[in-house]
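# Geometric and topological summary
Spelled out from the first residue to the last, the chains are:
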Amino acid sequence: MNTNRLLVAAVLAVVLVGPTGIARAQGPATPPAPVAPATHDHDHAAPVAEAKAAESGMMEKMKADEARLDALVTAMNAAPREGQLAALMAVVNELVGQHKAMHAKMADKDGKGMMAR
């Protein structure tokens, strides 16, 4: 009867602790190999500089677009009654052109635009 209890206790220990727990209790068979630090042979500064240059160019274009729009709105507000419709059309056409250019830039045909993500 004692051997049966001992056998049951051993089976329960294996089931509860599991084979990996027993192996872990005995210690690792071989020490883990040291991991060499990763080496990188590429420059992180180049893409950052490129992105900053692109952002700077985009900001300059936005300022130029705003200046053109401001000039057209100023001309529209100062236009005599008979020239107001033409001035309003110039403002609307400029807005539509800027909007289409923005969407074309975002869609960017080579897949690098904002909408391509």
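Scroll up to find the structure.
Here the residue numbers are simple positions, counted from 1 along each chain's written sequence. With the structure being a predicted model, the display of local features is reserved for residues of pLDDT at least 70 and the display and counting of side-chain atom pairs for 80 or more, all residues being used for whole-chain, interface and lining totals. Processing note: side-chain calculations cover all non-hydrogen atoms of the structure and skip hydrogens and water entirely.

## A look at the overall build of the chain
Comment: elements are numbered from the N terminus, with helices defined as DSSP H or I runs of at least four residues and strands as E runs of at least two. Across its full length, the chain carries three helices and zero strands. Put simply, the chain runs from its N terminus to its C terminus through helices and strands in the order α-α-α. Residue exposure (1.4 Å probe, protein chains only): buried if accessible area is under 20% of the type maximum, exposed if over 50%, otherwise partly exposed. Taken over 117 residues, the chain has a buried fraction of 9%.

## So, the pattern of salt bridges
Salt bridge, as used here, is a side-chain nitrogen of Lys or Arg placed within 4 Å of a carboxyl oxygen of Asp or Glu. Tallying each qualifying case throughout the model produces three salt bridges. A salt bridge links K61 to D65, with the nearest nitrogen and oxygen atoms 3.1 Å apart. A residue pair is termed a helical-turn pair when its members lie 3 or 4 positions apart in one helix, as K61 and D65 do in helix α2 (residues 45-78) at four residues. Its salt-bridge partner being D65, residue R68 comes within 2.5 Å of it at the nearest N-O pair. With R68 and D65 both in helix α2 and three residues apart, this pair spans about one turn of that helix. Since its relative accessible area comes to 42%, R68 is described here as partly exposed. In the salt-bridge network here, residues are joined through shared partners; they are K61, D65, R68 and E94.

## Some points on the environment of M76
On the secondary structure map, M76 appears in helix α2. C-alpha of M76 to C-alpha of M89: the two residues are 13 residues apart in sequence and 9.2 Å apart in space. What makes two residues a contact is simply this: any of their non-hydrogen atoms within 4.5 Å. The contact partners of M76, leaving out residues within four places of it in the chain, are Q84, A87, L88 and V91.

## Quick notes on the side chain of Q98
Summarising the element assignment, Q98 is placed in helix α3 (residues 84-107). With residues near it in sequence (within four places) discarded, Q98 still touches D65, R68 and L69.

## Re the nonpolar core
If you look at the biggest cluster of nonpolar residues, it comprises five residues: L69, M76, A79, A87 and V91. Those elements giving two or more residues to this core turn out to be α2 and α3. Not counting residues up to four positions away in its chain, the partners in contact with A79 are Q84 and A87. The set of buried Ala, Val, Leu, Ile, Met, Phe, Trp, Tyr and Cys residues whose side-chain atoms join them within 4.5 Å is what this entry labels a nonpolar core.

## Focus: α3
In this model α3 runs 35 Å from its N-terminal to its C-terminal C-alpha over 24 residues, within 8% of the 34 Å that 1.5 Å per residue would give. Burial in α3 covers these residues: A87, V91, E94 and Q98. Looking one or two residues past α3, D108 carries a phi angle of roughly 25°, positive in sign. Expected helix span is given by 1.5 Å per residue-to-residue step, counting one fewer step than there are residues.

## A look at a nonpolar patch on the surface
Each patch is built from residues lacking any salt bridge and having more than 30% relative accessible area; the joining distance is 9 Å for like charges and 5 Å for nonpolar side chains (Val, Leu, Ile, Met, Phe, Trp, Tyr). All accessibility values rest on the Shrake-Rupley procedure with a 1.4 Å probe; residue burial counts only the protein chains present in the view. Side chains of L85, L88, M89, V92 and V96 sit close together on the surface and give an oily, nonpolar patch of about 450 Å² of accessible area. Within the element layout of this structure, L88 appears in helix α3.

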